[in-house]
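Breakdown of the fold
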Amino acid sequence: MHPDLEKLISLHDLDVMIKDLGRADILQEEVRLGLSPDAAVGELKTIREQLSSSIGKRWLALYGQICVRYGNAVVPVVMQRCTGCLTRLPTAVYSADDRNEQVRTCPTCGRIIYWAD
Amino acid sequence: MDRSCYCLWDLQSTDRSSTLSEMLSCVAQTGEHSRELLLRALEARELAGATIVAPGTAMPHCRSILVDDFVVVLGRSREGVSWPEERVRLIILFISPVKPSGPQEHMELIKHLAGKIGESGQEKLFKASSSKQLADMLGFQLIES
Ligand SMILES: [Zn+2]
């Protein structure tokens, strides 16, 4: 898998964690478990900064733009469809041998796509 | 929500990272590469604050696009695992999927586990005599491997 694609997936998961810990209901349950979600958010943001600084500027900018537009910027391809917009991908995209070896975007919605192993 | 889980009854690893990796290795529905990225997500959460929820018990968790359904893995260690500030003997790992109902279901799973841990009590959980009994106590159906 292309290193930037790996990092973009990790960035997505970090953003989900940060967003989740901003929800009052999840926050409340984490506190009930004895965890410190407020402190964790601060640390996760620091980890996010470190990760972002190691991603190619082009892809990081695209990630930011698509997040603003759709709320999520990275999606898996399932059954030859982009799971962001559910559009079937062109044969040349989904049948490429090196499909995870470069960062690819859905030709329809522009989200960053990857194939799960 | 489907409440099924895997269980590793006798974890071999003794440090946090190897333990998470060992526990993820029994998740049949994800490939090796996805497991590596899931490990990074779980480790990021641990680095942000260790998920010790009771003495001797850790609950590593995250939500990730790399799973399309809930993944729950229970792990029990005789020797204890360095977490690293505390030694833990029981590990409840879970990963929730990213989907529109994801945050709500993730919260419900945390709530469910908090309730079950409180109901059973730590000592009872440590004394479970089999994977099935441990899964039952936590309200999960054991996936036989
Ligand atoms: Zn799309």
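Here, every reference points to the structure presented above.
Considerations on the packing of helix 1 (residues 3-20) of chain A against helix 2 (residues 32-47) of chain B
- At a minimum axis distance of 10 Å, the contact between helix 1 of chain A and helix 2 of chain B shows a crossing angle of 40°. As far as their axial angle goes, helix 2 of chain B and helix 1 of chain A are oblique. Helix-helix and strand crossings are classified by hand; for helix 1 of chain A and helix 2 of chain B the assignment is right-handed. Of the residues in helix 2 of chain B, those in contact with Glu-6, Ile-9, Ser-10, Asp-13, Leu-14 and Met-17 of chain A of helix 1 of chain A are His-33, Leu-37, Arg-40, Ala-41, Ala-44 and Arg-45 of chain B.
- Within the contact of helix 1 of chain A with helix 2 of chain B, the residues separate by chemical class into six nonpolar, two polar and four charged.

Some words on the interface of chain B and chain A
- Counting residues at the interface gives 31 residues for chain B and 29 residues for chain A.
- When the two sides are added together, the surface that chain B and chain A hide from each other amounts to roughly 2,600 Å², 63% of it contributed by carbon and sulfur.
- In this structure, the salt-bridge partner of Arg-40 of chain B is Glu-6 of chain A, at a minimum N-O distance of 3.3 Å.
- Inspection of the chain B/chain A interface yields 12 residue pairs in polar contact (both at pLDDT 80 or more).
- Listed by contribution, the elements that provide at least two residues to the side of chain B that touches chain A are helix 2, strand 2 (52-54), strand 4 (61-64) and helix 3 (102-120) of chain B.
- Ranked by residues supplied to the side of chain B that touches chain A, first place goes to helix 2 of chain B with nine residues.
- Split into classes, the residues belonging to the side of chain B that touches chain A amount to 17 nonpolar, nine polar and five charged.

Observations concerning the coordination of the zinc ion
Residues and elements named next belong to chain A.
- Bound to the zinc ion on the protein side are Cys-82 (SG), Cys-85 (SG), Cys-106 (SG) and Cys-109 (SG), at distances that span 2.3 Å.
- The site at the zinc ion holds four donor atoms, and with the angles between them running 105 to 116°, its shape is tetrahedral.
- Between consecutive donors of the zinc ion, the numbers of intervening residues give the motif C-x2-C-x20-C-x2-C. Of this pair, Cys-82 sits in strand 2 (residues 81-82) while Cys-106 sits in the loop between strand 3 (104-105) and strand 4 (112-114); the two residues are 24 residues apart in sequence, bridging distant segments of the chain.
- Assessed through its relative accessible area of 0%, Cys-82 is described here as buried.
- According to the relative accessible area criterion, Cys-106 is buried, its value standing at 2%.

Details of the packing of aromatic side chains
- Inspection of every chain in the model, using the stated rule, returns zero aromatic pairs over all chains.
- Above the plane of the ring of Tyr-70 of chain A lies Arg-111 of chain A, whose end atom (NZ or CZ) is 3.9 Å from the centre.
- The ring centre of Trp-9 of chain B lies 3.7 Å from the NZ or CZ of Arg-76 of chain B, which sits over that ring.

Considerations on helix 3 (residues 37-52) of chain A
- With 16 residues, helix 3 of chain A should reach 22 Å at 1.5 Å per residue; the first-to-last C-alpha distance of 22 Å fits that figure.
- Contacts made by the buried residues of helix 3 of chain A are with helix 1, helix 2 (24-32) and helix 4 (57-70) of chain A together with helix 2 of chain B.

Quick word on empty space enclosed by the protein
- Taken as a whole, this structure holds two cavities of 30 Å³ or more when the rule is applied.
- By volume, the largest cavity is sized at about 70 Å³.
- Lining of the largest cavity is provided by Met-17, Asp-20, Leu-21, Ile-26, Glu-30 and Leu-44 of chain A together with Arg-45, His-61, Cys-62, Arg-63 and His-106 of chain B.
- If you list the elements that add at least two residues to the lining of the largest cavity, you get helix 1 and helix 2 of chain A together with strand 4 of chain B.
- When its residues are assigned to classes, the lining of the largest cavity shows five nonpolar, two polar and four charged.
- By volume, the second largest cavity is sized at about 30 Å³.
- Lining of the second largest cavity is provided by Met-1, Tyr-114, Trp-115, Ala-116 and Asp-117 of chain A together with His-33, Ser-34, Leu-37 and Leu-66 of chain B.
- At three residues, the largest contribution of residues to the lining of the second largest cavity is made by helix 2 of chain B.

Quick word on the pairing of strand 1 (residues 74-78) of chain A
All names here are of chain A.
- Most of strand 1 is tucked away, with four of its five residues classed as buried.
- Looking at chain direction, strand 1 and strand 2 are connected through two bridges and run antiparallel. Within strand 2, the position partnered with Val-78 by the bridge is Arg-81.
- Hairpin geometry of strand 1 and strand 2 is characterised by an intervening segment of two residues between the two adjacent antiparallel strands and by a positive phi of about 50° at Met-79.

Here's the deal with unusual backbone geometry
- Cis peptide bonds are those with omega within 30 degrees of zero, and the linkage from Trp-83 of chain B to Pro-84 of chain B qualifies with -15°.
- With respect to the secondary-structure elements, Pro-84 of chain B resides in the loop between strand 5 (71-82) and strand 6 (87-97).
- The backbone phi angle of Gln-80 of chain A is positive, close to 65°, even though this residue is not glycine.
- Relative to the assigned elements, Gln-80 of chain A resides in the loop between strand 1 and strand 2.
- Even without a glycine there, the phi angle at Leu-86 of chain A is positive, about 65°.
- Residue placement: Leu-86 of chain A occurs in the loop between strand 2 and helix 5 (91-94).

Analysis parameters
- Residues numbered from 1 in each chain as written.
- Chains lettered and ligands numbered in written order.
- Predicted model: local features only at pLDDT ≥ 70, side-chain atom pairs only at ≥ 80, totals over all residues.
- Heavy atoms only, no water.
- Axes fitted to C-alpha atoms, helices over the stretch in contact; angles between N-to-C directions.
- Helix = DSSP H or I, 4+ residues; strand = E, 2+ residues; numbered from the N terminus.
- Parallel < 35°, antiparallel > 145°, perpendicular 65-115°, else oblique.
- Left-handed = near helix turned anticlockwise from the far one by under 90°.
- Contact = heavy atoms within 4.5 Å.
- Nonpolar A, V, L, I, M, F, W, Y, C, P; charged D, E, K, R; others polar.
- Buried area = accessible area lost by both parts, 1.4 Å probe.
- Salt bridge = Lys/Arg side-chain N within 4 Å of Asp/Glu carboxyl O.
- Polar contact = N/O pair within 3.5 Å; in protein donor to acceptor, adjacent residues only side chain to side chain.
- Donors = N, O, S within 2.8 Å, 3.2 Å for Na, K, Ca; no water.
- Tetrahedral: all angles 85-135°; square planar, octahedral: opposite > 155°, others 65-115°.
- Buried < 20%, exposed > 50% of the residue type's maximum accessible area, 1.4 Å probe, protein only.
- Phe/Tyr/Trp six-rings, centres within 6.5 Å; stacked < 30°, edge-to-face > 60°.
- Lys NZ or Arg CZ within 6 Å of the ring centre and 35° of its normal.
- Expected span 1.5 Å × (residues − 1).
- 1 Å grid on protein atoms, 1.4 Å probe; cavity = no way out; pocket = protein on both sides within 12 Å on 5 of 7 lines; lining within 4 Å.
- Points joined across faces, edges and corners; volume = space filled by probe spheres on them.
- Pairing = 2+ DSSP bridges.

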